[in-house]
2 protein chains.
Amino acid sequence: MKITIKDIARIAEVSTATVSMILNNKGNNISSATREKVMRVAKENNYIPNTMARSLVTRKTKTIGLVIPDIANPFFPELARGAEDKANEAGYSIIYCNTDDDLEKEEKYINMLSEKMVDGIVFTNSAKRTGGLSPVDRGCIPVILIDRDLESKNIKGRVLIDNLEAAYKAVSHLIRRGRKNIVFITGALTSTTAKDRHEGYKKALKDNAIKYNEKYVKAGEFRSDWGIIATNQILDEGLPFDAVFCGNDLIAISVLKVLKSRGYSIPKDISVVGFDDIYMASVIEPGLTTIKQPNYEMGYIAVEMLIDTLEKPELLIEQRSVILETELIVRSST
Amino acid sequence: MKITIKDIARIAEVSTATVSMILNNKGNNISSATREKVMRVAKENNYIPNTMARSLVTRKTKTIGLVIPDIANPFFPELARGAEDKANEAGYSIIYCNTDDDLEKEEKYINMLSEKMVDGIVFTNSAKRTGGLSPVDRGCIPVILIDRDLESKNIKGRVLIDNLEAAYKAVSHLIRRGRKNIVFITGALTSTTAKDRHEGYKKALKDNAIKYNEKYVKAGEFRSDWGIIATNQILDEGLPFDAVFCGNDLIAISVLKVLKSRGYSIPKDISVVGFDDIYMASVIEPGLTTIKQPNYEMGYIAVEMLIDTLEKPELLIEQRSVILETELIVRSST
DNA sequence: CTGAAAGCGCTAACAT
DNA sequence: ATGTTAGCGCTTTCAG
């Protein structure tokens, strides 16, 4: 049988109000005698507060939703870990959801989180949303955006990286290494991420007086299968190229694989650059040159921002943005 | 302003009880006229049920806890994904927690989950627990164990693999390939997982008339750092060996790395076998021979079992166990 | 310094 | 076929 605040009140011979105040360190003037007594009784009976009941009245659940495309994509576990660590530090817990970039699932999950009355949501917007109202618009739950941008009310903050600048760094690096015909294989250009990286790619070419050629751009999905398909495509099309810049490491690793299996030497014949710096990038051979994103920090900071917003009502109005630094990690694939 | 059941009752000119029944498909005899009316009013006003209030009375939260060591360990994301998929199918959501195999954190999280009144917990027991009461013992929340075994009341089921048999398969494979001096690098032998794999290792040696030598066993942690340390140790100790069986792929990948950097040729000089078959195992070079564990299924089945237990009270008494099949994946490291 | 009482939004007997 | 009512366990005025 679960012990309630009522039982404690009865045993300690005080009122439930007193017990409640003591257990929450609220009452400013409660004799230390009763305080200790109540504490003791609570301890002795192994009292576990019922957060449902509490939330019902306080309208706070100390729970936040984490909505990401897929935890099995190596980009996200670190991020999820950062988020959970910060949440835990602050006494929050995390409900996590995988959308697979599917708009219906996204909708369903946001509704579910509304019903569960999460205090806020850390959200990676689907790469497939091309417009229309995001489900986060409907409710009134504060949202922190992560990785991918999106315009909407309810958005209280953003944790992003400068994708344009990062792509620019990567492609410039390739050019400095003497490469001129650079293929760009990436995810759907509907996502702001892919779009900005595309811009960075173009800008680097332009600043180095290399003509942009649409045929060198292969936009599909941020998945390893797409890396395989796109590499074979570009190879079969017969356009000459001496480097590949990839929208993420998963793609880059597939590119490496296909290229090697078709007899190319990396980086002698073709250089490859990835994006994300997942653990695998340092393990494969040749080591993958890539852009390091601070995944753990992204998750951590997003939750920090969210909790800040929640607990400091004066911050509830303003939007905040953090652009995290990326770093070019040079390995032997270039 | 949030719409409540009361508002709907007022607008639709019925009682809250009626509204409640309709919204939950409960009342067996309600005129379709009122039913439709209530449904319409609910839709029109964008009614979102308050699960707190509901849970408070039903004592069910439709939430389950997933307690694992570390989502950033590549073994777990797939498992977490399987768990979430099944939970989602059944209308449950998942609160996820990382314990880092730390007993204090484990305790803290289990308490937190009790307060949040999760309906059940899917739990990977810390590899460091050597005895004493697990925090899952204290409460009365049904628990499904995953990956690592543990004895305790409240445990309603287990989803495991036959680690002994799997290790036996792996080591036998090495022996068939002509290897005789097989090093075993693994995590702490306090975990049932490491222990059983150790037994399998010993059994395979014995069945092939190879003497077991303690010096060939390096038990530390299931982490890549440990792979590096242990490999260097064994190399420096100067014992001759021609194969390494690793407690997991993370370790195996480190072993591969160190071995290569110290000039050994794989598998010519030394064969390496891992355990888990994480994605990386197929990507690195040489491809890592390993034992494939059905991670996704483990998560999926664990949640399935949990929900079954929760929703069919007649199952609440009996314990259930599933031992999933493993498979030896032969790649070029052997 | 402490208690009484109202009510958060919902469900589930029990009435009608 | 629908309404009345009593809580679920907790917090929070408002009195005393």
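Note that residues are indexed from 1 along each chain, following the sequence as it is written. Just so you know, chain letters begin at A and ligand numbers begin at 1, following the order they were written in. Note on the predicted model: pLDDT of at least 70 is required for a residue's local features to be given, and 80 or more for side-chain atom pairs to be given and counted; whole-chain, interface and lining totals, by contrast, use all residues. Side-chain metrics rest on all non-hydrogen atoms present in the structure, leaving aside hydrogens and water.

In the annotation of an unreviewed UniProt entry, chain A is listed under the name LacI family transcriptional regulator and assigned to Serpentinicella alkaliphila.

Draft legend 1. Up close: the protein's contact with DNA strand C. The immediate surroundings of DNA strand C are formed by 24 residues, with Ser15 of chain A together with Ile5, Ser20, Tyr47 and Arg54 of chain B found nearest. One heavy atom within 4 Å of a molecule or strand makes the whole residue count as near it. Counting only atoms of DNA strand C within 4 Å of the protein, the fraction found in sugar and phosphate groups is 76%. Pairs of N or O atoms are called polar contacts if they sit within 3.5 Å, as long as, within protein, a hydrogen donor faces a hydrogen acceptor (for residues adjacent in sequence, only side-chain-to-side-chain pairs). Within the side chain of Thr18 of chain A, one N or O atom sits 3.0 Å away from a phosphate oxygen of DNA strand C. At 3.3 Å from a base nitrogen of DNA strand C is found a main-chain nitrogen or oxygen belonging to Ala53 of chain B. No other element matches the 3 residues that helix H4 (residues 51-58) of chain B contributes to the surface near DNA strand C. Put simply, Ala, Val, Leu, Ile, Met, Phe, Trp, Tyr, Cys and Pro go in the nonpolar bin, Asp, Glu, Lys and Arg in the charged bin, and everything else, Gly too, in the polar bin. Taken together, the residues of the surface near DNA strand C sort by class into 11 nonpolar, 9 polar and 4 charged. Helix and strand assignments follow DSSP, with helices taken as H or I runs no shorter than four residues and strands as E runs no shorter than two, numbered in order from the N terminus.

Draft legend 2. Spotlight on the sheet that holds strand S8 (residues 243-246) of chain B. All names here are of chain B. In this scheme, strands are said to pair when DSSP sees at least two bridges between them. Read across the sheet, 4 strands follow the order S7-S6-S8-S9 without closing on themselves; strand pairing throughout is parallel. The sheet is open, and its two borders are formed by strand S7 (217-220) and strand S9 (271-273), each paired with just one other strand. When the angles between neighbouring strand axes are averaged without regard to direction, this sheet yields 15 degrees. Seen against the sheet, helix H8 (residues 163-176) touches strand S6 (182-187), S8 and S9 and runs at an angle of roughly 170 degrees to S8. A fitted line through C-alpha atoms serves as each axis, taken over the contacting stretch for helices, and the angle formed by two N-to-C directions is quoted from 0 to 180°. The contact criterion used throughout is that any non-hydrogen atoms of two residues lie within 4.5 Å.

Draft legend 3. Representation of the nonpolar core. Within the largest apolar cluster, 148 residues are counted, with the highest numbers of intra-cluster contacts made by Phe245 and Val272 of chain A together with Phe245 and Val272 of chain B. Residues belong to one nonpolar core when they are buried, are Ala, Val, Leu, Ile, Met, Phe, Trp, Tyr or Cys, and are joined through side-chain atoms within 4.5 Å. Each residue is placed in one exposure class: buried if its accessible area under a 1.4 Å probe, protein chains only, is under 20% of its type's maximum, exposed if it is over 50%, and partly exposed if it falls in between. Ile141 and Val143 of chain A together with Cys97 and Val143 of chain B belong to the second-largest nonpolar core, a separate cluster that totals 32 residues.

Draft legend 4. Quick look at the side chain of Glu106 of chain A. All names here are of chain A. Inspection of the secondary structure puts Glu106 in helix H6 (residues 103-115). Within the structure, Glu106 has its side chain in polar contact with the backbone nitrogen of Ser126 (distance 2.9 Å). Beyond its immediate chain neighbours, meaning those up to four positions away, Glu106 contacts Thr99, Phe123, Asn125, Ser126, Arg129 and Pro135.

Draft legend 5. The relation of the copies chain B and chain A, seen in detail. Here the copies are superposed with least squares, the fitted atoms being C-alpha atoms of residues at a pLDDT of at least 70 in both. Its rotation angle being 180 degrees, the transformation that places chain B on chain A also includes 0.0 Å of axial translation and leaves an RMSD of 0.1 Å. Expressed as a symmetry operation, the mapping of one chain copy onto the other fits a two-fold axis. Mapped onto chain A, 100% of the interface residues of chain B are again interface residues, and the two copies thus contact each other with one and the same surface.

Draft legend 6. Spatial organisation of the packing of aromatic side chains. Each Phe, Tyr or Trp ring (for Trp, its six-membered ring) is paired with any other whose centre lies within 6.5 Å, and the angle between the two planes then decides the class: stacked below 30 degrees, edge-to-face above 60, tilted in between. In this structure the tally under the stated criterion is 13 aromatic pairs over all chains. Between Tyr201 of chain B and Tyr212 of chain B, the ring centres sit 6.2 Å apart and the planes meet at 75 degrees, which makes this aromatic pair edge-to-face. Of this pair, Tyr201 of chain B sits in helix H9 (residues 192-207) while Tyr212 of chain B sits in the loop between H9 and S7, and the two are 11 residues apart along the sequence. The class of Tyr201 of chain B is buried, set by a relative accessible area of 1%. On the basis of relative accessible area, Tyr212 of chain B is assigned to the partly exposed category, the value being 30%. Centroid distance Tyr296 of chain B to Tyr300 of chain B: 6.2 Å. Interplanar angle 20 degrees. Geometry classified as stacked. Here Tyr296 of chain B pairs with Tyr300 of chain B, and both are found in helix H13 (residues 295-311), just 4 residues apart, close to one helical turn. Overall, the relative accessible area of 28% leaves Tyr296 of chain B in the partly exposed class. One aromatic cluster is present, formed by Phe184, Tyr201, Tyr212, Phe245 and Phe275 of chain A through successive ring pairs. Two thresholds decide whether a charge sits over a ring: the Lys NZ or Arg CZ must be within 6 Å of the ring centre and within 35 degrees of the ring normal. Sitting over the ring of Phe275 of chain A, Arg197 of chain A keeps its end group 3.6 Å from the ring centre.

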